[in-house]
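The residues making up each chain are set out below.
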Amino acid sequence: MSSFQHLSVAELKAKLHAGESLQIVDIRDATSFAAGHIPGAFNLNNDNLADYIRDADMDEPLVVVCYHGISSQRASTYMIEQGFDQVFSLDGGFQGWQDNH
């Protein structure tokens, strides 16, 4: 079984700028997500997780975003276990994105 990869904010920006096809899931709470998130991100939570996994493209790279890049590591491992082929945990999380955007 493969494991998730770390992705820096700069690497994510480069991938987005290059037009790479990515799924971005933000696991922060709905209020934080509504206050700001990476463009194109989907707010993933316990209520919509099963539906997301059922409908997602397991072959398209998945980037998991949390507050600071810690919880996303556990969530990334979980997504690998669910069958996603290529999963990235965003180092620094959304805070890192905001600090470097």
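In this report, the structure presented in the accompanying data block is examined.

Definitions and cut-offs
- Residues numbered from 1 in each chain as written.
- Predicted model: local features only at pLDDT ≥ 70, side-chain atom pairs only at ≥ 80, totals over all residues.
- Heavy atoms only, no water.
- Helix = DSSP H or I, 4+ residues; strand = E, 2+ residues; numbered from the N terminus.
- Contact = heavy atoms within 4.5 Å.
- 1 Å grid on protein atoms, 1.4 Å probe; cavity = no way out; pocket = protein on both sides within 12 Å on 5 of 7 lines; lining within 4 Å.
- Points joined across faces, edges and corners; volume = space filled by probe spheres on them.
- Nonpolar A, V, L, I, M, F, W, Y, C, P; charged D, E, K, R; others polar.
- Pairing = 2+ DSSP bridges.
- Axes fitted to C-alpha atoms, helices over the stretch in contact; angles between N-to-C directions.
- Buried < 20%, exposed > 50% of the residue type's maximum accessible area, 1.4 Å probe, protein only.
- Right-handed = clockwise from strand over helix to strand, strands pointing away.
- Arc of directions from axis to C-beta.

**Thoughts on the environment of V25**
Stage number 1. The topology assignment puts V25 in strand β2 (residues 23-26).
Stage number 2. Contact partners of V25, with chain neighbours within four places excluded, come to F42, L44, Y52, L62, V63, V64 and V65.

**Considering the layout of surface pockets**
Stage number 1. For the largest pocket, the calculated volume is near 160 Å³.
Stage number 2. Lining the largest pocket we find V25, I27, L44, N45, N46, L49, V64, A75, Y78 and M79.
Stage number 3. By residue number, the principal contributor to the lining of the largest pocket is helix α4 (residues 71-81), which donates three residues.
Stage number 4. Residues that form the lining of the largest pocket fall into these classes: eight nonpolar, two polar and no charged.

**Concerning the sheet that holds strand β3 (residues 42-43)**
Stage number 1. With parallel pairing, the five strands of this open sheet are ordered in space as β1-β5-β4-β2-β3. Strand pairing shows two members of the sheet lacking a second neighbour, β1 (5-7) and β3, which therefore form its edges.
Stage number 2. Judged from the two bridges that link them, β2 and β3 form a sheet pairing that is parallel. By the bridge assignment, V25 is partnered in β3 with F42.
Stage number 3. Packing of helix α1 (residues 9-17) onto the sheet brings it into contact with β1, β2, β4 (62-65) and β5 (87-90), and relative to β1 it is tilted by some 80 degrees.
Stage number 4. Across the face of the sheet, α4 comes into contact with β1, β4 and β5 while running at roughly 175 degrees to β5.

**Details of the environment of V63**
Stage number 1. As for its placement among the helices and strands, V63 is situated in strand β4.
Stage number 2. Take V63: its relative accessible area is 0%, and that puts it in the buried class.
Stage number 3. When the C-alpha atoms of V63 and N100 are compared, they prove to be 17 Å apart, with 37 residues separating the residues in sequence.
Stage number 4. Residue contacts for V63: discarding those within four places in its chain leaves L7, L12, L22, Q23, I24, V25, F88 and L90.

**Looking at the pairing of β4**
Stage number 1. Neither face of β4 is exposed, since L62 and V64 on one face and V63 and V65 on the opposite face are all buried.
Stage number 2. Taken together, the four bridges between β2 and β4 define a ladder with parallel strand orientation. Within the sheet, the bridge partner assigned to V25 lies in β4 and is V64.
Stage number 3. For β4 and β5, the ladder comprises three bridges, and the chain directions are parallel. The residue bridging L62 from the neighbouring strand is V87, located in β5.
Stage number 4. With α4 bridging β4 and the parallel β5, this β-α-β connection has right-handed handedness.

**A look at α1**
Stage number 1. Restricting attention to buried positions, one finds in α1 the residues V9, L12 and K15. Each buried residue of α1 lies within a common arc of 125 degrees when the element is viewed along its axis, so the set occupies one face. Along α1, the residues that are exposed and aim more than 90 degrees away from the buried face are A10 and H17.
Stage number 2. Looking at the buried positions of α1, the neighbouring elements they touch are β1, β2, β4, β5 and α5 (93-99).
Stage number 3. G19 occupies a position one or two residues after α1 and carries a positive phi of about 80 degrees.

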